[in-house]
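Structure assessment
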Amino acid sequence: MTSRERVLTAFAHQEPDQVPVDFGGMCTSMVNCQVVAQLRDYYGLEKKLPRINDMSTMTAYVDPDLGEAMGVDVQQLYNYGDTYGHINTEWKEWQYRGTPILIPKNATIGDDGKGGYYLYPEGDASCEPSGHMPADGYYFDNLERGEEVDEDDLNPEDNAEDYMPVSDAQIAYHKKMLAELKPLNRAIQCIVGYSCLGDANNVPGPNIKHPKGIRSIEEWYMAPLLYPDYVEEVFELGTDRAIRNFERYWNEFGSDIDIVYICGTDFGSQDSLMMSTDTFRELYLPYYKKMNDWIHEHTTWKTLKHSCGAIFDMLPLLIESGFDAINPVQCSAKGMDPRRLKDTYGKDILFWGGGVDTQKVLPFGTPAEVRAQVLGRLKIFSKGGGYIFNTIHNIQCNTPVENIVAMVDAVKEFNGTK
């Protein structure tokens, strides 16, 4: 099978010739930029500086040669713009914890006076900073800059500003990238435009120069109880705009795209759900279903939902919403036992991730412990198809390269390709 055939067979809940593999194939299966540089050295690849895909996570492109070394089957059409409104077309060098990397040319790095750094929306330093990396940090955290909310004068257009029409420049960027990557015969994944419903990463408006509406994460999570009508109006506007973007991308790309990443809103913490299933059914499910139904009725695409945490009891509602796949499959969260997940929901949704724990085992375990967990997870999740191997969320900075190699080698061992 080609990589693309392998992935689509897994989505059909049939066993492909090998378990499909993803590293860097979508925004929550990425690799820290410093680790990318170390992996390129380990595999003896051409010396090149890692290019940042998103400065909020400081993750970098997994270029085709590194993907080949790691055995990947999924290829991302990388983001045209990142969390802070930087454009990923031109680059400049920057030092990240002693490692030279490439960041978007229009990014402006400010000094916080304490050894850390600020970022600004669209690189405009005349605005308040919208991102901050502390002196001892590895990522840029979003800063809340919104004005105090007047609950008697809420305008849903303010929060719906996130759902912008895709630009001609973004279309051209992805067409050029697709032409370069299509010969790899990997499954193609793409984020078409903003279609998340209240993703905490976007709520503060880090890419918007003067954000309006409910931009405090704390207030946003209370909004479904305090202002349910307002939230529904935002979701209604956002969903309709997202569908218009889907329609444009289908007209431009058709079935050259295989998978679209719909939403990264988290519904689980380490120990529990972050909202009741009743609230989800009333407030979120209708809009997710509207997006998924449009895609399944008008395109050949598969849809992907990301949610961290203890979401075992939410999975039936995500399935009812029409999602084809769930990521990152956080088996370290309460109630997320791999065998229980596979036995209960494995016929109804594809599990994308769950292959190794990135909180403890991959960064702090031994190579032998990594190998054992990877082989155990593969044995459980691969049965009957419906599985793409990946770590549980992005591979973090300072993860030992020998542990990552042990993970890659274990997957190849399981697939008989080592």
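Counting of residues starts from 1 at the beginning of each chain's written sequence and follows it residue by residue. With the structure being a predicted model, the display of local features is reserved for residues of pLDDT at least 70 and the display and counting of side-chain atom pairs for 80 or more, all residues being used for whole-chain, interface and lining totals. In computing side-chain properties, one takes all heavy atoms of the structure into account and sets aside hydrogens as well as water.

**Thoughts on the packing of helix α10 (residues 338-345) against helix α12 (residues 367-381)**
When two helices pack together, their arrangement is given by the angle between the helix axes and by the axis-to-axis distance. Stated precisely, the cut-off is as follows: As a rule, the C-alpha atoms of each element are fitted with a line to give its axis, helices using only the stretch in contact, and angles between N-to-C directions run from 0 to 180 degrees. A run of H or I in DSSP becomes a helix once it reaches four residues, and a run of E becomes a strand once it reaches two; helices and strands are each numbered from the N terminus. Note that the term roughly parallel is reserved for angles under 35 degrees, roughly antiparallel for angles over 145, roughly perpendicular for angles of 65 to 115, and oblique for everything else. Take the far helix as your reference; a near helix turned counterclockwise from it by less than a right angle gives a left-handed crossing, and one turned clockwise gives a right-handed crossing. We call two residues in contact whenever any of their non-hydrogen atoms come within 4.5 Å of each other. Here the nonpolar group is Ala, Val, Leu, Ile, Met, Phe, Trp, Tyr, Cys and Pro; Asp, Glu, Lys and Arg are the charged ones; every other residue, Gly included, is treated as polar.
Interaxial distance between α10 and α12 falls to 9 Å at its minimum, and their mutual angle equals 15°. Taken together, the axis directions place α10 and α12 in an arrangement best described as roughly parallel. As α10 runs across α12, the sense of the crossing is right-handed. Residues Pro 338, Arg 339, Leu 341 and Lys 342 of α10 form the contact with α12, whose participating residues are Arg 377, Ile 380 and Phe 381. A breakdown of the residues in the contact of α10 with α12 according to their chemical character gives 4 nonpolar, no polar and 3 charged.

**Digging into the pattern of salt bridges**
Cut-off, in case you're wondering: Salt bridges are defined as contacts in which a side-chain nitrogen from Lys or Arg sits within 4 Å of a carboxyl oxygen from Asp or Glu. Buried residues are those whose accessible area, probed at 1.4 Å on protein chains only, stays under 20% of the maximum for their type, while exposed residues exceed 50% and partly exposed ones sit between those limits.
If you walk through the whole model with that rule in mind, you get 22 salt bridges. For the salt bridge of Asp 258 with Arg 4, the shortest nitrogen-to-oxygen distance reads 2.8 Å. Highlighted residues: Asp 258 in the loop between α7 (228-253) and β12 (259-263) and Arg 4 in helix α1 (residues 3-11), separated in sequence by 254 residues. Residue class for Arg 4 comes out partly exposed when judged on its relative accessible area of 32%. If you follow the salt bridges from partner to partner, you end up with Asp 168, Lys 175, Arg 248 and Glu 252 in one network.

**What about the sheet that holds strand β11 (residues 187-190)?**
Which entries qualify depends on this criterion: Paired strands, in this sense, are two strands between which DSSP finds at least two bridges.
One open sheet accounts for 7 strands, arranged β4-β11-β12-β13-β14-β15-β16; its pairing is parallel. Edge positions in the open sheet fall to β4 (74-77) and β16 (387-388), since each of these has one partner strand only. In the sheet, strand β15 (residues 350-352) pairs with β16 via 2 bridges, with the strands oriented parallel. Bridging across to β16, Phe 351 finds its partner in Tyr 387. Across the sheet, helix α5 (residues 168-181) touches β4 and β11, and the angle it forms with β4 is around 155°.

**Notes on the pairing of strand β5 (residues 91-96)**
Examined bridge by bridge, β5 and strand β6 (residues 99-104) share 6 bridges and lie antiparallel to one another. Along β6, the bridge assignment pairs Trp 94 with Ile 101.

**Structural notes on the environment of Asp 256**
Applicable threshold: Any N or O atom pair separated by 3.5 Å or less is treated as a polar contact, with the protein-specific requirement of one donor-capable and one acceptor-capable atom, and with residues adjacent in sequence counted only for side-chain atom pairs.
As for its placement among the helices and strands, Asp 256 is situated in the loop between α7 and β12. For Asp 256 and Asp 150, which are 106 residues apart along the polypeptide, the C-alpha to C-alpha distance reads 46 Å. Within the local environment of Asp 256, its side chain forms a polar contact with the side chain of Lys 182, the two groups lying 2.8 Å apart.

**Points about the environment of Thr 2**
Within the secondary structure layout, Thr 2 lies in the segment before α1. Thr 2 sits in the partly exposed class, given a relative accessible area of 28%. As a C-alpha pair, Thr 2 and Glu 148 span 146 residues in sequence and 53 Å in three-dimensional space.

**Quick look at the sheet that holds strand β9 (residues 131-133)**
An order of β7-β8-β9-β10 is seen for the 4 strands of this open sheet, with the pairing classed as antiparallel. Looking at strand neighbours, the two that pair on one side only are β7 (110-111) and β10 (141-142), the edges of this open sheet. Across 3 bridges, strand β8 (residues 117-119) lies against β9 in antiparallel orientation. When the bridges of β9 are listed, Tyr 118 appears paired with His 132.

**Re the packing of aromatic side chains**
Defined as follows: The criterion for an aromatic pair is that two Phe, Tyr or Trp rings (for Trp, the six-membered ring) have centres within 6.5 Å, with stacked assigned to planes under 30 degrees apart, edge-to-face to planes over 60 apart and tilted to the rest. Note on geometry: a ring has a charge over it if NZ (lysine) or CZ (arginine) is within 6 Å of the ring centre and within 35 degrees of the ring normal.
The final tally for this structure, using the stated rule, is 24 aromatic pairs. With centroids separated by 5.0 Å and ring planes inclined at 90°, the aromatic side chains of Phe 267 and Tyr 284 adopt a geometry described as edge-to-face. One end of the pair, Phe 267, is in the loop between β12 and α8 (277-298); the other, Tyr 284, is in helix α8, with 17 residues separating them in the sequence. You'll find Phe 267 and Tyr 284 in the same group, each marked buried. Both rings, one in Phe 312 and one in Tyr 345, keep their centres 4.9 Å apart while their planes meet at 50°; by these two values the pair is tilted. Here Phe 312 is found in the loop between β13 (302-306) and α9 (315-320), whereas its partner Tyr 345 is found in helix α10, with 33 residues between them in sequence. Pair check on accessibility: Phe 312 and Tyr 345 agree, each one buried. One aromatic cluster in this structure is built from Trp 220, Phe 235, Phe 267, Phe 280, Tyr 284, Tyr 287, Tyr 288 and Phe 323. Lying across the ring of Tyr 138, Arg 97 places its NZ or CZ 5.8 Å from the centre.

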